[in-house]
Amino acid sequence: MKTVNIGLIGLGTVGGGVVGILQDHQEDFQRHYALDLRLARVADRNTARFTQLGLDPAICTDDAFALISDPDVDVVIELIGGTGVAKDVVAAALEAGKRVVTANKALMASSGHTLLKAAEDRGVELRFEASVGGGIPIIEPLKHALTANKITRVLGIVNGTTNYMLTHMSERGLSYDDALAEAQAKGYAEADPSADVDGADAAAKIAILASIAFHSTVTIDQVHTEGIRNLSATDVAYAATMGYTVKLLAIAQLTDEGIDIRVHPTMIPAGHQLSSVKGVYNAIYVTGDAVGDTMFFGEGAGAGAAASAVVGDVIEAARALADNNTTLGCTCTDDLPIRPITELETCYYLRMIVDDKSGVLAKMTEVFAAHDVSLDSIMQQGVAHDGTAEIIYVTHRAREEAIRRVLAELEGLDVVTEIAALIRVEAL
């Protein structure tokens, strides 16, 4: 039986879940893995959490660095969040020779390479399964079970808040504002939902996945990011009539020119597996040259799901400690360029408000042709009381740069009142 002392920093929702798992399953871990996982120290600035969680005052402190300097602590769990104090905490713990577990996606997406190098230099490990997909195992499969493959694509639904909103915009016709209000009322969205609805949360996660899958450092600032804030129920409904579902997809693909990485609302075929992922669930699709297509599905958020991944990492870190081993660290051996979004080639859905008069369609079609953008379909959706009509175009595969030139020219036409929507379409 190997005793491993754990220091937990951050007693928020996930931290409370970690305490519960360690308490409820301590005997199971002893029996199954010959590991006695002891919560030796906890740290949180909100000292009221100690009493709320029934923790022994003797192991509690409001000083995270005092916990790190405790020689009896073997594994440090960082659940503070953010990239400020959390980075200092993780760096200090690694420097002190501690094995570290974190759920911090923002930190790993911005400074993961540096921190993994620091762990390697100290002969310890930094584990971060909970940073992507909550309770869905995806980091470990990419770093171990799928390493025999050349991974060519990783994409998926990695934000439960936006997936919940889009599900109800599609199935119940809710507006963006009503869907957001409902998500907030149910606790799925924060009071400030910006990180979710503007795509930053998904961008951090796909940066982490791309770095591992393609063995090249990708940071969050390199991810082209668009959220769902400007998405309307009208376009979600039109997509459904055309046989598509709208999802906020995080996409990373390996191309001959480098890594294509982006987050944006996407129309995907209604028959694809990702279309059936609803509510707060997440799903991550991985394509390898040997294994083909695989999909990882489950709850992407919540105390139980994230805490499950955190404690799983703790067990693996404790096993490695017991055997005096380290696990696979950073494998970012390549330096691949990031492909500019302007070089993307895909299909596009465009909805425009135009004057309802003869010659308008012809004039607009000339603009598409002038920039070598081929049209797959054109639909007119009635006439409004102000004499305007909705025109919906779906293109064949086209270059993003060409689409942007088309939009710029269309905006200058006196017959175009508004370019109401542009959504990329993926055939998958």
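This one's a predicted model, so the numbers in the text were calculated from it and none came from an experiment.

A. Region of interest: the overall build of the protein chain. Broken down by element type, the protein chain carries 15 helices and 17 strands. Relative to the globule expectation of 22 Å for 428 residues, the C-alpha radius of gyration of the protein chain, 24 Å, shows essentially globular dimensions. Considered along the principal axes of its C-alpha atoms, the protein chain spans approximately 80 × 45 × 35 Å. Looking at the protein chain as a whole, 52% of its 428 residues qualify as buried. For the protein chain, long-range pairs separated by at least 24 residues make up 73% of all intrachain contacts whose partners lie at least 6 apart in sequence. When the accessible surface of the protein chain is totalled, it reaches about 18,000 Å², and 47% of it is carbon and sulfur.

B. Focus on helix H15 (residues 400-411). With 12 residues, H15 ought to run about 16 Å at 1.5 Å a step, and its terminal C-alpha atoms sit 16 Å apart, in line with that. For H15, the set of buried residues is Glu400, Ala402, Ile403, Val406, Leu407 and Leu410. Here the buried residues of H15 occupy an arc of 155 degrees about the axis, which is enough to place them on one side.

C. Main features of the packing of aromatic side chains. The final tally for this structure, using the stated rule, is 4 aromatic pairs. When the ring of Tyr281 is compared with that of Phe297, the centres are 5.1 Å apart and the planes differ by 5 degrees; the resulting orientation is stacked. Here Tyr281 is found in strand E11 (residues 281-288), whereas its partner Phe297 is found in strand E12 (residues 292-299), with 16 residues between them in sequence. Residue Phe297 is classed as partly exposed on the basis of its relative accessible area of 48%.

D. How the structure looks around the pairing of strand E10 (residues 258-269). E10 sits mainly inside the fold: 11 of its 12 residues count as buried. Bridging between strand E8 (residues 224-225) and E10 involves 2 bridges; their strand directions are parallel. Bridging across to E10, His224 finds its partner in Arg262. Joining the antiparallel neighbours strand E9 (residues 244-255) and E10 is a turn of 2 residues. Bridge count for E10 against strand E17 (residues 416-425) is 2 bridges, and the pairing is parallel. By the bridge assignment, Thr266 is partnered in E17 with Arg424.

Each value, and the rule that gives it
- Residues numbered from 1 in each chain as written.
- Predicted model: local features only at pLDDT ≥ 70, side-chain atom pairs only at ≥ 80, totals over all residues.
- Heavy atoms only, no water.
- Helix = DSSP H or I, 4+ residues; strand = E, 2+ residues; numbered from the N terminus.
- Rg over C-alpha atoms; globule rule 2.2 N^0.38 Å.
- Buried < 20%, exposed > 50% of the residue type's maximum accessible area, 1.4 Å probe, protein only.
- Contact = heavy atoms within 4.5 Å.
- Areas by Shrake-Rupley, 256 points an atom, 1.4 Å probe, with all protein chains shown as cover.
- Expected span 1.5 Å × (residues − 1).
- Arc of directions from axis to C-beta.
- Phe/Tyr/Trp six-rings, centres within 6.5 Å; stacked < 30°, edge-to-face > 60°.
- Pairing = 2+ DSSP bridges.

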